[in-house]
Amino acid sequence: MVLMKHVMSSQQLSLLSYANNCMLMASSSVYRRQQFLIRSLGGGIDHSRNMQQDLRSVEVDAESVIRSITPALDLTRHKGQAGKIAVIGGCREYTGAPYFAAISALKIGADLSHVFCTKDAAPVIKSYSPELIVHPVLEESYSVREEDKKFISSKVLAEVDKWMERFDCLVIGPGLGRDPFLLDCVSEIIRHARQTNVPIVIDGDGLFLVTNNIDLVSGYALAVLTPNVNEYKRLVEKVLSSEVNDADATQQVLSLAKKIGGVTILKKGKSDLISDGDTVKSVSIYGSPRRCGGQGDILSGSVAVFLSWARQHIKAADPNSNLSCKNPAVLGCIAGSAMMRKAASVAFSHKKRSTITGDIIEFLGKSLEDICPAT
Ligand SMILES: NC(=O)C1=CN([C@@H]2O[C@H](COP(=O)(O)OP(=O)(O)OC[C@H]3O[C@@H](n4cnc5c(N)ncnc54)[C@H](O)[C@@H]3O)[C@@H](O)[C@H]2O)[C@@H](O)CC1
Ligand SMILES: Nc1ncnc2c1ncn2[C@@H]1O[C@H](COP(=O)(O)OP(=O)(O)OP(=O)(O)O)[C@@H](O)[C@H]1O
Ligand SMILES: [Mg+2]
């Protein structure tokens, strides 16, 4: 059925373009036949219109959210007030992902950005940037003897715990890998973050962990999950025991967030859909046709910063605030999504096909400046 709809709409498109090119033949029988076919296939057009209508109805004014929650820069502020973020990720295979997330947090405007990664990933990540504070504390199974696992695990947790209360948000998962021992340690880190009320953004391999252990985040309102197409599919299958339903995407993401006890879900795609189980928002502005790897990592680092700023903004109870939504996790997702998409679109306008993740990161500052000037 779905396949048929696709076939129908591509037929329609070619017929429409053919019909346009043949306007001169308007009186011919060929043209009348084309018109008949286009009318007969009209159901497909109506269907996609309905879907667009559905998304438009929840489209949010993301720029005004960014303007509301971004703190003013002034000379009285001290280091740390604009945010301290930690990324838990980086292993033998992946060093780019944690770097992208952590550097994006700084480029958006956080004051300090830490990375907790494995011992072999640390020197590599440090060499990308002296701006990041890198802790080589995580261990994978291959480097730990069975009898040492308990001791090593409590050592890892103690290392992260020393810092935990200083962080405004953790990003868990970019380039984390899927080593079982490492993931057990990260489960404990998540439990400690919850106990201390530190917000968490779960992405990449963190989603692999959480999808198989949903209790880790279930009911935690300060948790954000940022699944891509594959990660979302796995989450829906596991939590809702059903298939992804693109025709009713807003309702499904709402049900999913509700079923996980009010965590916030940012479903990435052509439009980003955001839900905390109460409301669904969509961010469709900007964007780029380049799909190079690493853009989700920029997003997770950005969401972490905006979530922290939204939390501060709500705590300060600014009487001039015109925000209708009061959930910092949702606000952080809206702002992070729009910022990533704008930077991607600006980078694409300069670099076209050769746009890579590093180019997008370079435009985060200008993109935020366009929406919310520093002075
Ligand atoms: N430079 C790096 O170090 C990067 C590391 N990354 C890390 O790599 C690990 C695995 O993440 P992945 O995103 O690859 O895992 P996924 O499970 O999302 O992707 C696995 C496979 O699915 C395919 N796929 C992705 N999006 C798709 C779509 N929309 N439709 C159909 N197929 C699609 C990909 O080509 C890939 O082969 C994570 O830890 C992640 O953070 C990524 O963030 C990319 C950048
Ligand atoms: N088709 C699309 N059109 C426009 N923007 C998109 C599209 N798909 C994804 N994006 C944007 O790209 C960003 C990253 O989404 P993506 O699905 O690539 O994440 P990911 O697969 O986790 O990335 P990563 O390679 O970092 O793991 C999101 O913020 C989303 O808004
Ligand atoms: Mg990803």
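Going by the annotation in an unreviewed UniProt entry, the name recorded for the chain is ATP-dependent (S)-NAD(P)H-hydrate dehydratase, with Stylosanthes scabra given as the source organism. One UniProt comment on the chain, placed under Sequence similarities (unreviewed entry), says "Belongs to the NnrD/CARKD family." Recorded under Cofactor (unreviewed entry), the UniProt text for the chain is reproduced unchanged: "Mg(2+)".

Asker: Looking at this model, I keep getting lost on the UniProt feature "binding site: (6S)-NADPHX" (unreviewed entry) in the chain. Mind explaining?
Answerer: Look at the UniProt record and you will see "binding site: (6S)-NADPHX" (unreviewed entry) annotated at Gly175, Asn228, Val229, Asn230, Glu231, Tyr232, Lys233, Arg234 and Asp297. Following the sequence through the fold, glutamate 231 ends up in helix α10 (residues 229–239). If sequence neighbours within four positions are ignored, glutamate 231 has contacts with Asp203, Gly204, Leu207, Thr226 and Lys268. Within the structure, the side chain of glutamate 231 is placed 2.8 Å from the backbone nitrogen of asparagine 228, a separation counted as a polar contact. When you line up the elements, aspartate 297 lands in helix α12 (residues 295–315). Residues contacting aspartate 297, with those up to four places away along its chain left out, are Ala97, Phe100, Ala101, Pro174 and Asp203.

Asker: Where do I start with the side chain of threonine 118 in this structure?
Answerer: Along the chain, threonine 118 falls in strand β2 (residues 112–118). Threonine 118 sits in the buried class, given a relative accessible area of 1%. In contact with threonine 118, not counting residues within four places along its chain, are Gly90, Cys91, Arg92, Pro136, Leu138, Glu140 and Leu182.

Asker: Please explain the site of ligand 2 as it appears in this structure.
Answerer: Lining the immediate environment of ligand 2, one finds 15 residues, of which Asn228, Lys268, Asp272, Gly294 and Gly296 sit closest. Between ligand 2 and lysine 268, the relevant distance is 2.7 Å, taken from an oxygen atom to a side-chain nitrogen or oxygen of the residue. For ligand 2, the protein covers 79% of the area, taking 620 Å² as the surface of the free molecule. Going through the elements one at a time, α12 and α13 (328–351) are the ones with two or more residues in the shell around ligand 2. Of all the elements, α12 adds the most residues to the shell around ligand 2, at four residues. Classifying every residue of the shell around ligand 2 by side-chain character gives two nonpolar, seven polar and six charged.

Asker: Explain the side chain of glutamate 140 here, please?
Answerer: By the element assignment, glutamate 140 lies in the loop between β3 (133–138) and α7 (149–164). Summary of buried charges: glutamate 140 has no salt-bridge partner, and the nearest side chain of opposite charge, arginine 92, is 4.5 Å away. Apart from the residues lying within four places of it in its own chain, the contact partners of glutamate 140 are Cys91, Arg92, Thr118, Asp120, Asp179, Phe181 and Leu182.

Asker: Hey, could you run me through the packing of aromatic side chains in this one?
Answerer: Aromatic ring pairs: the centre-centre distance and the angle between the two ring planes describe each pair. A complete count under the given rule lists five aromatic pairs for this structure. Centroid distance phenylalanine 306 to tryptophan 309: 5.4 Å. Interplanar angle 90°. Geometry classified as edge-to-face. Of this pair, phenylalanine 306 and tryptophan 309 both sit in helix α12, three residues apart, which is roughly one turn of the helix. Tryptophan 309 matches phenylalanine 306 in its accessibility class, with the two residues each being buried. Of the aromatic side chains, those joined through ring pairs into one cluster are Tyr99, Phe100 and Tyr128.

Asker: Would you take a moment to explain the pattern of salt bridges for this structure?
Answerer: Pairing between side chains becomes possible if they bear opposite charge and their charged atoms approach one another. What the rule picks out here adds up to 15 salt bridges. For aspartate 205, the salt bridge identified is with arginine 178, shortest N-O distance 3.0 Å. On the criterion of sequence distance, the pair formed by aspartate 205 in helix α9 (residues 205–212) and arginine 178 in the loop between β4 (169–172) and α8 (180–195) is long-range, its members being 27 residues apart. Among the charged side chains, a network of salt bridges with common partners joins Arg145, Glu147 and Asp148.

Each value, and the rule that gives it
Residues numbered from 1 in each chain as written. Chains lettered and ligands numbered in written order. Predicted model: local features only at pLDDT ≥ 70, side-chain atom pairs only at ≥ 80, totals over all residues. Heavy atoms only, no water. UniProt positions renumbered as here; feature names shortened; annotations may be inferred. Helix = DSSP H or I, 4+ residues; strand = E, 2+ residues; numbered from the N terminus. Contact = heavy atoms within 4.5 Å. Polar contact = N/O pair within 3.5 Å; in protein donor to acceptor, adjacent residues only side chain to side chain. Buried < 20%, exposed > 50% of the residue type's maximum accessible area, 1.4 Å probe, protein only. Near = heavy atom within 4 Å. Areas by Shrake-Rupley, 256 points an atom, 1.4 Å probe, with all protein chains shown as cover. Nonpolar A, V, L, I, M, F, W, Y, C, P; charged D, E, K, R; others polar. Lys, Arg positive; Asp, Glu negative; His and termini not counted. Salt bridge = Lys/Arg side-chain N within 4 Å of Asp/Glu carboxyl O. Phe/Tyr/Trp six-rings, centres within 6.5 Å; stacked < 30°, edge-to-face > 60°.

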